[in-house]
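# Summary of the model geometry
Residue-level listing of the chains:
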Amino acid sequence: MKDFAYLYSPEEATYRFSETHPFNPIRLELTVSLLESMHQLDDIPCIAPRHATDEELALVHDQDYIAAVKAAGTGVLSPLKAQMYGLGTEDTPLFQDMHSGASLLVGGTIEACDLVLSGKYKRTFHIGGGLHHGFRGRASGFCVYNDTAVAMAAMIEKYHCKILYVDTDAHHGDGVQWAFYNRNDVMTLSLHETGRYLFPGTGMVTERGSEEGYGFSWNVPLDAFTEDDSFLLAYETALFEACELFQPDLIITQNGADAHVLDPLTHLSLTMKSYEKIPQIAVAAAEK
Ligand SMILES: [Zn+2]
């Protein structure tokens, strides 16, 4: 088994809302070129993502929603219908061929998970993934399809495994949480800025799952201006306890970088110290 691969292709830049939208895919290109210039990707295989199939998307998303995304991308969805599906909003505007761009990000995450569960790699990194606000039948917060939710559903179908999802983005991982809220084969752990003032407003400690999934949804809401040491202590403690309790076959982490003190959309105060430690602690948990 090889250690590590990452998934990326310049085609992922087709998931692009507009010139002025804050979710700009140039971040992917800049990250890869920065890592290359630091010789961090020198012997690391780069695997190009594929598109997710409609069958895979339908493991999480409603058929009529998938049809609406396709129609929106060719300009034939009425504004009224678009609104019903959360499309064409200020956060998640319509763009050309949006189904193609969005399904490519999903396919990349499915492949990233499959490469680990099939035993080819110990760890993989899909740089374009993490669209955690996508709902079953509605787009939300820059997210059209929910790549991690679809990938987890596909992996459970193929490998009958247990998956721990860990979300350190500054926003609550709501789409993933609700997709598996009443199931006990996925455990979700989200650390985020409290929803009191920040989108999406959910992620309270009382959201613990329902029915068979009760106890398998964990939330750690943090006050604005939380700094590295508090964040890392909460993250490490919760992650190791979750692993010990749940004994997952696969750990997926969503490490959106918007909890950084300089991020203009949120109010957490992390520095590069946390961003160096977050994956290291996840690796330590996985090794254990
Ligand atoms: Zn975020």
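Residues numbered from 1 in each chain as written. Predicted model: local features only at pLDDT ≥ 70, side-chain atom pairs only at ≥ 80, totals over all residues. Heavy atoms only, no water.

Along the protein chain, the regular secondary structure elements total nine helices and seven strands. For the C-alpha atoms alone, the extent of the protein chain along its principal axes is close to 50 × 45 × 40 Å. Expressed as a percentage of its 288 residues, the buried residues of the protein chain come to 51%. Pairs at least 24 residues apart make up 75% of the contacts formed inside the protein chain by residues separated by at least 6 positions. Accessible area of the protein chain: about 13,600 Å², with a carbon and sulfur share of 55%. Of note, the protein chain has its 19 positive side-chain charges centred 4 Å away from the centre of its 40 negative side-chain charges. (Helix = DSSP H or I, 4+ residues; strand = E, 2+ residues; numbered from the N terminus. Buried < 20%, exposed > 50% of the residue type's maximum accessible area, 1.4 Å probe, protein only. Contact = heavy atoms within 4.5 Å. Areas by Shrake-Rupley, 256 points an atom, 1.4 Å probe, with all protein chains shown as cover. Lys, Arg positive; Asp, Glu negative; His and termini not counted. Charge placed at Lys NZ, Arg CZ, Asp CG, Glu CD.)

So, about the coordination of the zinc ion. Looking at the metal site, the zinc ion is ligated by Asp-169 (OD), His-171 (ND1) and Asp-258 (OD), spaced 2.0 to 2.1 Å from it. Sequence spacing among the residues donating to the zinc ion works out to D-x1-H-x86-D. Residue Asp-169 is located in the loop between strand 4 (163–167) and helix 7 (174–179), and its partner Asp-258 is located in the loop between strand 7 (250–254) and helix 9 (272–287); the two are separated by 89 residues in the primary sequence. Considered together, Asp-169 and Asp-258 belong to a single accessibility category, that of buried residues. (Donors = N, O, S within 2.8 Å, 3.2 Å for Na, K, Ca; no water.)

Before going further, it helps to examine unusual backbone geometry. The residue after Phe-199, namely Pro-200, is reached through a cis peptide bond having omega 0°. In this fold, Pro-200 is placed in the loop between strand 5 (186–193) and strand 6 (217–222). Even without being a glycine, Phe-142 presents a positive backbone phi close to 75°. Residue position: Phe-142 is located in the loop between strand 3 (121–126) and helix 6 (147–159). Residue class for Phe-142 comes out buried when judged on its relative accessible area of 16%. At His-160, a residue that is not glycine, the phi angle is positive and equals roughly 50°. Relative to the helices and strands, His-160 resides in the loop between helix 6 and strand 4. The class for His-160 is exposed, based on a relative accessible area of 69%.

Considering the arrangement of structural elements, one finds Gly-134 in the loop between strand 3 and helix 6. The exposure class assigned to Gly-134 is buried, which follows from its relative accessible area of 2%. Considered as a pair, Gly-134 and Ala-149 are 15 residues apart in the sequence and their alpha carbons are 8.7 Å apart. In this structure, Gly-134 is in contact with Cys-143, Val-144, Asn-146 and Gly-175, ignoring residues within four places of it in sequence.

Considering the arrangement of structural elements, one finds Gly-137 in the loop between strand 3 and helix 6. Classification of Gly-137 as partly exposed rests on a relative accessible area of 22%. Taking the C-alpha atoms as reference, Gly-137 lies 34 Å from Phe-4; in sequence the two are 133 residues apart. What Gly-137 contacts, discounting residues up to four positions off in sequence, is Asp-62, Tyr-65 and Tyr-85.

Pairing within the open sheet is parallel, and its three strands lie in the order 2-1-3. Among the strands making up the open sheet, the edge pair consists of strand 2 (46–47) and strand 3. As defined by bridge partners, strand 1 (residues 2–7) adjoins strand 3 across five bridges and the pair is classed as parallel. Note that in strand 3 the partner of Leu-7 across the bridge is His-126. (Pairing = 2+ DSSP bridges.)

We note that the domain assignment places domain 1 (1–159) and domain 2 (162–288) within the protein chain. Contacts between the two partners involve 21 residues from domain 1 and, on the opposite side, 25 residues from domain 2. Summed over both sides, the interface between domain 1 and domain 2 buries roughly 1,700 Å², with carbon and sulfur atoms accounting for 74% of that surface. Among the residues of domain 1 in contact with domain 2, His-132, Met-152 and Ile-156 are the three that bury the most area, contributing 36% of the side total. We note a salt bridge from Glu-287 to Lys-122, for which the minimum N-O separation is 3.4 Å. Where domain 1 touches domain 2, the interface holds six residue pairs in polar contact (both at pLDDT 80 or more). Of all elements in the fold, only helix 5 (98–117), strand 3 and helix 6 reach the threshold of two or more residues within the side of domain 1 that touches domain 2. A total of six residues in the side of domain 1 that touches domain 2 trace back to one element, the largest contributor, which is helix 6. (Domains from an automatic or database assignment. Buried area = accessible area lost by both parts, 1.4 Å probe. Salt bridge = Lys/Arg side-chain N within 4 Å of Asp/Glu carboxyl O. Polar contact = N/O pair within 3.5 Å; in protein donor to acceptor, adjacent residues only side chain to side chain.)

Going through the model one piece at a time under the given rule, you end up with one cavity of 30 Å³ or more. Taken together, Gln-177, Phe-180, Tyr-181, Arg-183, Val-186, Thr-188, Gly-213, Phe-216 and Ser-217 make up the full set of residues lining the largest cavity. Looking at the lining of the largest cavity residue by residue, the class counts come to four nonpolar, four polar and one charged. (1 Å grid on protein atoms, 1.4 Å probe; cavity = no way out; pocket = protein on both sides within 12 Å on 5 of 7 lines; lining within 4 Å. Points joined across faces, edges and corners; volume = space filled by probe spheres on them. Nonpolar A, V, L, I, M, F, W, Y, C, P; charged D, E, K, R; others polar.)

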